[in-house]
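# Structure at a glance
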Amino acid sequence: MEAVVVDYGSKLLKAGIASPDQDPPCIIPTKMKRVLEEGEAAEGEGTGNVEEVMIDTVVRGFVSDWDAMEDLLHHVLYTNIGWEIGDEGHILFTEPLFTPKYLREQLVQLMFETFNVSGFYASEQAVLSLYAVGRISGCTIDIGHGKIDVAPVCEGAVHHIASKRFEVGGVDLTNLLARELQKSNPSVKLDISDVEKIKELYAKCASDQLEFEKMKNSCPAEQHTLPDGQVITIGKERYIVGEALFQPHILGLEEYGIVDQLVAGVSNVASEYHRQLLENTMLCGGTASMTGFERRFQSEANLSTSAIRPALVKPPEYMPENLARNSAWMGGAILAKVVFPQNQHVTKGEYDETGPAIVHKKCF
Amino acid sequence: MSWQSYVDDHLMCEIDGQHLTAAAILGQDGSVWAQSTAFPQFKPEEIAAIVKDFDEPGSLAPTGLFLGGAKYMVIQGEPGAVIRGKKGSGGVCVKKTNQALIMGVYEEPMTPGQCNMVVERLGDYLYEQDL
């Protein structure tokens with residue numbers, strides 16, 4: 001039986017049967033709507049109307065609502081991928097850095113007890129993204145919707161001491177863009193999902209800090225028509241989104257920019273690995289596919305204080321175009337081909353014998 | 001039950017057709033309670049460094065874990081309970097109980113997961129016996 005790989009993120013869930021050279025077959029949002037039935041009351045309401053509540057199943061990379069997650073996985077596994085009840089196969093999950101132990105245990109428990117899978121494995125997204133480009137050592141900078149992970153990986157093992165996780169991500173950049181657009185277009189009412197789309201269309205990264213300063217003063221403004229017909233002008237705001245990653249004080253964070261964080265993290269690793277780590281840096285995640293981001297990253301890296309210059313990895317030619325967005329899923333597909341045939345995963349028998357804590361022993 | 005039989009029967013046992021390359025049960029001061037025949041000759045400083053990492057997780061990572069002169073890269077363990085090290089395709093797992101350190105060294109084709117199972121299972125058992 002082919003294994004299934006699931007990469008759940010704060011915005012999108014990528015899932016499908018493990019096929020390493022292709023994009024994940026199923027990419028769906030993780031935001032869900034709960035429809036309250038008649039008779040169930042929301043707080044303070046007693047009328048029995050059908051209400052809809054928006055739920056964020058995955059917040060900052062971690063599952064926050066387990067009932068919603070169960071329903072979402074049920075839909076993905078049985079409807080989209082085509083599993084049949086009673087004939088479940090192997091499943092591989094990706095997880096962000098620093099996942100708390102109890103969350104991993106809860107996921108294992110859900111998979112074995114509710115879904116009755118025959119095999120389970122979990123691996124960190126940083127390692128998987130590197131597998132997708134054919135490396136086992138290097139640094140990953142994963143800029144996702146809910147979090148940013150900076151992780152050095154040596155021979156397939158993440159150096160947790162040297163890694164850093166930031167609780168900012170694409171969602172904060174969208175809020176920043178919304179605030180800026182509201183300031184320059186005070187008469188227009190903006191909806192967050194519209195700002196999300198505007199961000200993906202227009203956001204750019206200035207090629208360096210000086211250019212950003214120039215842009216702040218004079219920038220060609222573009223007109224954009226929102227779905228409800230209102231027209232807004234977008235000028236210098238588009239550059240602020242990319243700049244915030246290199247100058248976090250724009251977002252209100254007292255931290256260094258992303259390149260400095262990488263260099264600081266790597267310096268916590270034994271020095272013989274530094275060259276291997278910095279010269280195999282990988283950018284992944286939705287926000288990293290912003291126009292001009294890679295170029296800016298490379299130029300900031302050249303300016304950085306480290307003796308070894310961070311260099312970005314070139315993805316192999318046989319991999320699809322959107323590698324950066326889905327690299328964790330593709331790495332998971334590659335790993336699934338290795339882990340399950342070699343029986344390194346957690347089987348139902350082992351789970352029954354040892355309980356959920358087995359995930360810490362076998363999956364790392 | 002002597003300590004030696006713990007090592008021979010429980011740590012060096014067959015799991016899925018494979019067994020550890022070497023195993024030992026040491027006191028936290030470096031004294032040997034029992035060891036297998038192939039266990040590397042270690043130095044007291046190495047044991048002291050391991051004990052220190054249990055007290056201050058993260059102190060071994062920058063330099064690496066040394067055991068009998070062999071250098072292991074420290075990977076994800078459980079702070080205060082388990083230290084795991086990797087060397088190529090093999091590695092080591094050290095589990096701390098109340099008074100002892102249980103060590104298991106493995107090579108290919110044994111997997112890190114299997115080594116962890118063996119070492120930590122014995123460790124949990126000794127923990128319950130208050131050792």
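Residues numbered from 1 in each chain as written. Chains lettered and ligands numbered in written order. Predicted model: local features only at pLDDT ≥ 70, side-chain atom pairs only at ≥ 80, totals over all residues. Heavy atoms only, no water.

### Comments concerning the overall build of chain B
Counted only if it meets this: Runs of E in the DSSP output that reach at least two residues are strands. Runs of H or I that reach at least four are helices, and both are numbered from the N terminus. Every radius of gyration here is taken over C-alpha atoms, with the globule rule written as 2.2 Å times N^0.38, N being the number of residues. For the exposure calls, accessible area comes from a 1.4 Å probe over protein chains only, and a residue counts as buried if that area is under 20% of its type's maximum, exposed if over 50%, partly exposed in between. By definition in these notes, contact holds between two residues if any of their heavy atoms fall within 4.5 Å. Exposure was quantified through the Shrake-Rupley algorithm and a 1.4 Å probe, taking into account, for residues, occlusion by the shown protein chains and nothing else. Counting rule applied: Lys, Arg positive; Asp, Glu negative; His and chain ends not counted. Where a charge lies is defined by one atom per residue type: Lys uses NZ, Arg uses CZ, Asp uses CG and Glu uses CD.
Across its full length, chain B holds three helices and seven strands. Ordered by position from N to C terminus, the α and β elements of chain B give α-β-β-α-β-β-β-β-β-α. A compact globule built from 131 residues would reach a C-alpha radius of gyration of about 14 Å, and chain B, at 13 Å, matches this within 12%. Along the first, second and third principal axes, the C-alpha set of chain B runs to 35 × 35 × 25 Å. When each of the 131 residues of chain B is scored for burial, the buried share is 52%. Across chain B, every contact between residues at least 6 apart in sequence was considered, and the portion connecting residues at least 24 apart equals 48%. In the structure as shown, chain B presents an accessible area of about 5,700 Å², 50% of it carried by carbon and sulfur atoms. Charged side chains in chain B number 9 positive and 17 negative. The centres of these two groups are separated by 8 Å.

### Focus: helix H10 (residues 293–303) of chain A
Residues and elements named next belong to chain A. Definition in use: The directions considered for the arc are those from the helix axis to the C-beta atoms.
Along H10, the residues that are buried comprise Phe293, Arg296, Phe297, Glu300 and Ala301. One face of H10 carries all of its buried residues, which in axial projection span an arc of 135°. More than 90 degrees from the buried face of H10, the exposed residues found are Glu294 and Arg295. The inward-facing, buried residues of H10 contact strand E10 (138–143), helix H6 (209–217), helix H7 (237–246), helix H8 (258–266) and strand E16 (281–284).

### A few points about the sheet that holds strand E3 (residues 65–67) of chain B
Residue and element names in this part refer to chain B. Test applied: We treat two strands as partners when DSSP finds at least two bridges between them. Between N-to-C directions, angles span 0 to 180 degrees; the directions come from axes that are lines fitted to C-alpha atoms, helices contributing only their stretch in contact.
Strand order in the open sheet made by the seven strands is E2-E1-E7-E6-E5-E4-E3, with antiparallel pairing throughout. Pairing within the sheet leaves two strands with one partner each, and these edge strands are strand E2 (32–35) and E3. Sheet twist, expressed as the mean angle between neighbouring strand axes with direction ignored, is 25°. Seen against the sheet, helix H3 (residues 112–128) touches strand E1 (22–27), strand E4 (70–78), strand E5 (82–87), strand E6 (90–96) and strand E7 (100–106) and runs at an angle of roughly 160° to E7.

### Side note on the nonpolar core
For clarity, the threshold we go by: By nonpolar core is meant a set of buried Ala, Val, Leu, Ile, Met, Phe, Trp, Tyr and Cys residues that side-chain atoms within 4.5 Å join together.
Counting 87 residues, the largest nonpolar core has Leu13, Ile91, Phe93, Met111 and Phe120 of chain A together with Leu20 of chain B as its most contacted members. Among the elements that line this core, the one with the most residues is helix H1 (residues 66–81) of chain A, at nine residues. Leave out the neighbours within four places in its chain, and Leu13 of chain A touches Val6, Asp7, Tyr8, Cys26, Ile27, Ile28, Thr30, Met69, Leu72 and Val76 of chain A. Listed in part, the 51 residues of the second largest apolar core include Cys139, Met215, Tyr239 and Leu277 of chain A.

### Observations regarding the packing of helix H3 (residues 125–132) of chain A against helix H11 (residues 323–339) of chain A
All names here are of chain A. Quick reminder of the rule: Throughout this description, any angle smaller than 35 degrees is read as roughly parallel, any larger than 145 degrees as roughly antiparallel, any in the 65 to 115 degree range as roughly perpendicular, and the remainder as oblique. Only Asp, Glu, Lys and Arg are considered charged, only Ala, Val, Leu, Ile, Met, Phe, Trp, Tyr, Cys and Pro nonpolar, and every remaining residue, Gly among them, polar.
Two elements in contact, H3 and H11, have axes whose closest approach is 7 Å; the angle formed by their N-to-C orientations is 90°. Between H3 and H11, the angle falls in the class roughly perpendicular. In this structure, H3 uses Gln125, Leu128, Ser129, Tyr131 and Ala132 to contact H11, whose residues at the interface are Leu323, Ser327, Ala328, Met330, Gly331, Gly332, Ile334 and Leu335. Looking at the contact of H3 with H11, its residues break down into eight nonpolar, five polar and no charged.

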